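Single-letter residue listing:
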Amino acid sequence: MLVYIVRHGETDWNKEHKVQGAVDIPLNEYGIHLAEETADGLKDIRFDAAYSSPLSRAKKTAEVILEGRNIKIKEDKRIQEICFGSYEGMCIGGEKMDPKSGEFNKFFVDTQNYVPLDGGETVSQLMKRTGEFLRELCENKELYQKNVLVTTHGAAMTALLNNIKENFDVAAFWKNGVPANCAVTIVDVKKGKPEIIKENVIYYKEQVRTWKVGK
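Here is a short report on the structure shown in this document. Given the structure is predicted, the values throughout are model-derived calculations rather than measurements.

### A closer look at the overall build of the protein
Within the protein, the regular secondary structure consists of six helices and six strands. Put simply, the protein runs from its N terminus to its C terminus through helices and strands in the order β-α-α-β-α-β-α-α-β-α-β-β. Taking 17 Å as the expected radius of gyration for a compact globule of 215 residues, we find that the protein reaches 16 Å, a close match to that expectation. Across its three principal directions, the C-alpha atoms of the protein cover 50 × 35 × 25 Å.

Structural data, given as structure tokens:
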């Protein structure tokens, strides 16, 4: 099985440096463009199955990539973005940065000491649910010899990749940074064991990282 894990395209909240987790913010025009460029880069891949976070920015990315193909997209909450609770909507960068954003920024720069607020998730909880999705996917014998698309989010994608790498150290969660919008990681699954063969491939000319660690 080959699994193509893709982060969604850009949203206005990405552009404005706003905390965007479980809140459902759609792709903006540029985000759709990035998805279209990524679709062109993957046009020769015969996808057999697709899974997406239920949030519209991830699902729309999948729809653009799969346009013209008769493939049902299965929604799975386990690959939805981490919930940030009352931090969601807070501006953490640029001229409008919230002066209280320092505590939230621990999520990026001091992850082991990040404390979620008001129903928000911990990084360990994110690792657990994405890990469960990954194991179930890799053990699905109906998908063997198939190509599978998975569209998700920055932190959720990082958690999936850390599960593959067996990097369970919360302090090292962002060791490889935040995947760019529409970055693609290709995973080869043999006998139920996943292995990354290409990581964070970009299919558009200008690489734009809308959420940088600490920004």
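There's more to say after this.
### Looking at the side chain of asparagine 163
Among the secondary structure elements, asparagine 163 is positioned in helix H6 (residues 154–165). Discounting residues that sit within four places of it in the chain, asparagine 163 has contacts with Met127, Thr130, Gly131, Leu134 and Phe168.

### Details of unusual backbone geometry
The backbone of histidine 17 sits at a positive phi, close to 60°, despite the residue not being glycine. Within the element layout of this structure, histidine 17 appears in the loop between helix H1 (12–15) and helix H2 (29–41). Despite not being glycine, cysteine 182 has its phi angle at roughly 65°, a positive value. Relative to the assigned elements, cysteine 182 resides in the loop between H6 and strand E5 (184–190). Looking at cysteine 182, the relative accessible area reads 0%, which means it is buried.

### Notes on helix H4 (residues 102–109)
An α-helix turns once per 3.6 residues; consequently, residues spaced three or four apart project the same way. Along H4, the residues that are buried comprise Phe104, Asn105, Phe107 and Phe108. Along H4, the residues classed as buried sweep out an arc of 125° about the axis, all on the same side. Taken together, the buried residues of H4 touch helix H5 (123–138) and H6.

### Quick notes on the sheet that holds strand E6 (residues 193–201)
As summarised here, the arrangement of the six strands in space is E3-E2-E4-E1-E5-E6, forming an open sheet in which the pairing is mixed. Edge positions in the sheet fall to strand E3 (73–75) and E6, since each has one partner strand and no second. The average angle at which neighbouring strand axes cross in this sheet is 20°, direction not considered. Docked against the sheet, H5 engages strand E1 (2–7), strand E2 (49–52), strand E4 (147–152), E5 and E6, running at close to 170° with respect to E4. In the packing of H6 onto the sheet, contacts are made with E1, E4, E5 and E6, and the angle to E6 comes to roughly 135°.

### What to know about the environment of isoleucine 164
Relative to the assigned elements, isoleucine 164 resides in helix H6. Taking the C-alpha atoms as reference, isoleucine 164 lies 15 Å from arginine 78; in sequence the two are 86 residues apart. Excluding anything up to four places from it in sequence, isoleucine 164 contacts Ile5, Leu134, Val187, Pro194, Glu195 and Ile196.

### Quick word on the environment of threonine 130
Relative to the assigned elements, threonine 130 resides in helix H5. Since its relative accessible area comes to 0%, threonine 130 is described here as buried. Spatially, the C-alpha atom of threonine 130 lies 20 Å from that of valine 115, the residues being 15 residues apart in sequence. Excluding its chain neighbours within four sequence positions, the residues that come into contact with threonine 130 are Arg78, Ala156, Ala159, Leu160 and Asn163. A polar contact of 3.2 Å, which involves the side chain of threonine 130, links it to the backbone oxygen of methionine 127.

The rules behind these values
- Residues numbered from 1 in each chain as written.
- Predicted model: local features only at pLDDT ≥ 70, side-chain atom pairs only at ≥ 80, totals over all residues.
- Heavy atoms only, no water.
- Helix = DSSP H or I, 4+ residues; strand = E, 2+ residues; numbered from the N terminus.
- Rg over C-alpha atoms; globule rule 2.2 N^0.38 Å.
- Contact = heavy atoms within 4.5 Å.
- Buried < 20%, exposed > 50% of the residue type's maximum accessible area, 1.4 Å probe, protein only.
- Arc of directions from axis to C-beta.
- Pairing = 2+ DSSP bridges.
- Axes fitted to C-alpha atoms, helices over the stretch in contact; angles between N-to-C directions.
- Polar contact = N/O pair within 3.5 Å; in protein donor to acceptor, adjacent residues only side chain to side chain.

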